[in-house]
Amino acid sequence: MNRTLLGDLIEMSTIIVLVKQVPDTNAKIAVQGGRVDLSTVKMEMSPYDGFAIETALRHKEATGGTVTALTVGAAGTEKILKDAKAMGVDNIVRVWDDSWSDLDSNALQSVLKESIESLGGTAVYCGKSAADTGAGSTGPGLAERLGWANASNVIGAEFGDAVTVSMPVEAGVAKVSVPLPAVISCDKGDFKPRKANVKGIMMAKKAQVELMTASAPASTVVVASHSMPAAKPAGKTFEGGSSASQVVQLLRDEANVL
Amino acid sequence: MTNKIVIAELTKGTVNASTAELVSAAQAMGGDVTVVVPCTDASMADAVSGYDGVSKVIAVKSDVFAGNDSSGWASALDSAMPAGTVLFLATARSKDVASRLAARRGLSIVQDVVSIDGNNLTSPIYSGKANQTVTVNGDAVVSVRANVFSGVGSGSSNDVSVVDASGDVKTAVQDVMERASARLDVSEANIIISGGRGMGSPANFSHLEAVADTIGAAVGASRAAVDTWEEIPHSMQVGQTGKTVNPNLYIAVGISGAIQHLAGMRSSKYIVAINKDADAPIFQHADYGIVATWEEALPVFQDALSSLLG
Ligand SMILES: Cc1cc2nc3c(=O)[nH]c(=O)nc-3n(C[C@H](O)[C@H](O)[C@H](O)COP(=O)(O)OP(=O)(O)OC[C@H]3O[C@@H](n4cnc5c(N)ncnc54)[C@H](O)[C@@H]3O)c2cc1C
Ligand SMILES: Nc1ncnc2c1ncn2[C@@H]1O[C@H](COP(=O)(O)O)[C@@H](O)[C@H]1O
């Protein structure tokens, strides 16, 4: 299907939701030879991406259009696209080139920009941060590259010509009008990710993953090593409520935090 | 050795003291350090003009810095700053602005740095279950966690130049619902006291609030507390699906210490746990553990704090 052509014929929202595969967040992480060993760890969709899918589907339900789930990843990452399909997205796309390995943020965002432009995206939803890096760089960085507006840590949304989002700010929670096109990074909030139903799961089994590629600049940030966090020196434990006054004294004299 | 540009962190319209930590972090990377102060009034730069180890201060004046639009922040900063490696404090807003600025300059970004050795930067990954060290080749944008580096001293008198900048604002605030209480948010606090299911009822959180008021702390909660009691909002939740916090002191009361809770607070500098179960996993992560019910321990804790600080 030629999506650009479709976009020219019918003007409607082309909503894209970004999903990333990460290790199961309950898994124990081990480091072997200076690298994290994920060989026995189950992989899953990054939790906040579920909120992004839910918000994207609600956007489509409010304004019409299509929702496309997109991941940048090697062939092994297609399961999360099927999971997105089972929740109800229309299309699933994987972007990759076998010459890529670890893409740094500049390379990843360049690839995402090119892919989203060629799909004719008009709104992009993503997780507020991925459960592996915890970075939270992708949403705002991608928006800048596309020249779009963005909102991050979004906990609620209403859809119209613009998207009105709720997000925490210094003073409380702000309602912010975000003109489209925009990139919206989703936190856990008002919308609970819907569960896939049987029909969705059947559809997902049959669904085709569309493959795309893009050009990626060389990465300048390279992973050198992984390590386990330094073990904390054993703490002091006291019995009984009356010891609380001793702890206060230690917080002042030893820890210096009061 | 390229220039290092430190972006001063603003909290409620004034320069946050953690900005001095960013200067130390920049020195650990090497090179000449410039501090850039995003401001609505150039006098805000006075707070950093005495910093040691700084070669230049640039006050970037723009109305955009009164708001929260990260696009406006990034375009105003970009127009007024030299090239180099840029350091921000790793707060929610600054990470957003940092990401935009990196993209604008075609640079890569490394977030949540907790240790620096020249061009090698270390950040926690998998919610703190491991650390990742990356090597940065050339300029980059970096965000640095608070309370990790000790700040530079002050006593110098740096030159301050003022640049007027305008930013390209994309979003518009419609309405701000003020916080129900004037309480600090956990993501802004240097001390946090959190309650879990062991508090027994939401009304009992008033005991945590009393301690918080004495020491200027924010009140947080476990997910079990948030899920069980409607009165405890999700904004208070610390953990994997709540907020990640990095305070100087974290006090966990009636919290078992599940891995998902630890994910949000294990990097706190000091951890105190109050729990009646000596085998609760939280004690393995506590610097100071008190095995007692909160009913017994908190009044003593509160009294000791009041007499120390009152
Ligand atoms: C995908 C996922 C994401 C999650 N995200 C989060 C998250 O973001 N944050 C989070 O906190 N959890 C999260 N959880 C839940 C987590 O697994 C735990 O269930 C939760 O942290 C438990 O909360 P708790 O410690 O308050 O309750 P409990 O585990 O029930 O512990 C209560 C503790 O209170 C103690 N206690 C009882 N009475 C007293 C008393 N009178 N005085 C002193 N101590 C007392 C008990 O000994 C016990 O240790 C997540 C779980 C999953 C699966
Ligand atoms: N490789 C990727 N493919 C698709 N989406 C991604 C990828 N990496 C990050 N994202 C999206 O960006 C969000 C934030 O990621 P991060 O910036 O790494 O914290 C994730 O929750 C995803 O929605």
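These figures come from a predicted structure and were not determined experimentally.

K.L.:
Sorry if this is basic, but what is going on with the interface of chain A and chain B here?
P.N.:
Accessible area lost when the parts come together is the quantity often used to give the size of an interface. Chain A puts 77 residues into the contact, and the matching count from chain B is 77 residues. Summed over both sides, the interface of chain A with chain B buries roughly 6,300 Å², with 54% coming from carbon and sulfur. The three residues of chain A that bury the most area against chain B are A:Glu144, A:Glu170 and A:Lys232, which together make up 11% of that side's buried surface. On the surface where chain A and chain B come into contact, there are 2 salt bridges. The salt bridge partner of B:Arg104 is A:Glu144, with a shortest N-O separation of 2.7 Å.

K.L.:
Could you clarify how one ought to interpret unusual backbone geometry in this entry?
P.N.:
With glycine set apart, most residues show a phi of negative sign, and most peptide bonds adopt trans. The peptide bond linking A:Leu180 to A:Pro181 adopts the cis configuration, its omega dihedral lying at 0°. Along the chain, A:Pro181 turns up in the loop between strand 12 (172-179) and strand 13 (182-186). Even without being a glycine, A:Asn153 presents a positive backbone phi close to 55°. Under the relative-accessibility criterion, A:Asn153 is labelled partly exposed at 22%. Phi angles above zero are rare outside glycine, and B:Ser127 is one such case at about 50°. Following the sequence through the fold, B:Ser127 ends up in the loop between strand 9 (120-125) and strand 10 (130-136).

K.L.:
Explain the side chain of B:Lys95 to me, please; I cannot follow it from the model alone.
P.N.:
Topologically, B:Lys95 is positioned in helix 3 (residues 92-104). Engagement of the side chain of B:Lys95 in a polar contact is seen with the backbone oxygen of A:Gly134, the distance being 3.4 Å. Here B:Lys95 is in contact with A:Gly134, A:Ala135, B:Leu89, B:Ala90, B:Gln111, B:Asp112 and B:Ser143, once residues within four sequence places are set aside.

K.L.:
How do you make sense of the site of ligand 1 when you look at a structure like this?
P.N.:
All names here are of chain B. Close contacts around ligand 1 come from 25 residues, with Arg197, Ser222, Thr241, Ser256 and Gln260 the closest. Here an oxygen atom of ligand 1 sits 3.0 Å away from a polar atom, N or O, in the main chain of Gln240. Note that an oxygen atom of ligand 1 is positioned 2.8 Å from one of the side-chain N or O atoms of His261. In isolation ligand 1 has 980 Å² of accessible area, and contact with the protein removes 78% of it. Tallied by class, residues from the shell around ligand 1 come to 6 nonpolar, 14 polar and 5 charged.

K.L.:
I would appreciate a short explanation of the pattern of salt bridges in the present structure.
P.N.:
Any two side chains of opposite charge can pair, on the condition that their charged atoms come close. Residues and elements named next belong to chain B. Following the criterion strictly, the structure yields 23 salt bridges over all chains and no others. Arg223 is paired through a salt bridge with Asp227; the nearest N and O atoms lie 3.1 Å apart. Of this pair, Arg223 and Asp227 both sit in helix 5 (residues 223-228), separated by 4 residues, roughly a single helical turn. Given a relative accessible area of 44%, Arg223 falls into the partly exposed group. Classification of Asp227 as partly exposed rests on a relative accessible area of 49%.

K.L.:
Got a minute to help me understand the environment of B:Val54 in this structure?
P.N.:
All names here are of chain B. Within the secondary structure, Val54 is located in the loop between strand 4 (33-39) and strand 5 (56-61). Taking the C-alpha atoms as reference points, Val54 and Asp159, 105 residues apart in sequence, are found 9.5 Å from one another. Setting aside its immediate chain neighbours within four residues, Val54 contacts Val23, Val33, Val35 and Asn158.

Here is what the cut-offs are and how they apply
Residues numbered from 1 in each chain as written. Chains lettered and ligands numbered in written order. Predicted model: local features only at pLDDT ≥ 70, side-chain atom pairs only at ≥ 80, totals over all residues. Heavy atoms only, no water. Contact = heavy atoms within 4.5 Å. Buried area = accessible area lost by both parts, 1.4 Å probe. Salt bridge = Lys/Arg side-chain N within 4 Å of Asp/Glu carboxyl O. Helix = DSSP H or I, 4+ residues; strand = E, 2+ residues; numbered from the N terminus. Buried < 20%, exposed > 50% of the residue type's maximum accessible area, 1.4 Å probe, protein only. Polar contact = N/O pair within 3.5 Å; in protein donor to acceptor, adjacent residues only side chain to side chain. Near = heavy atom within 4 Å. Areas by Shrake-Rupley, 256 points an atom, 1.4 Å probe, with all protein chains shown as cover. Nonpolar A, V, L, I, M, F, W, Y, C, P; charged D, E, K, R; others polar.

Keep in mind these values describe shape, not function.
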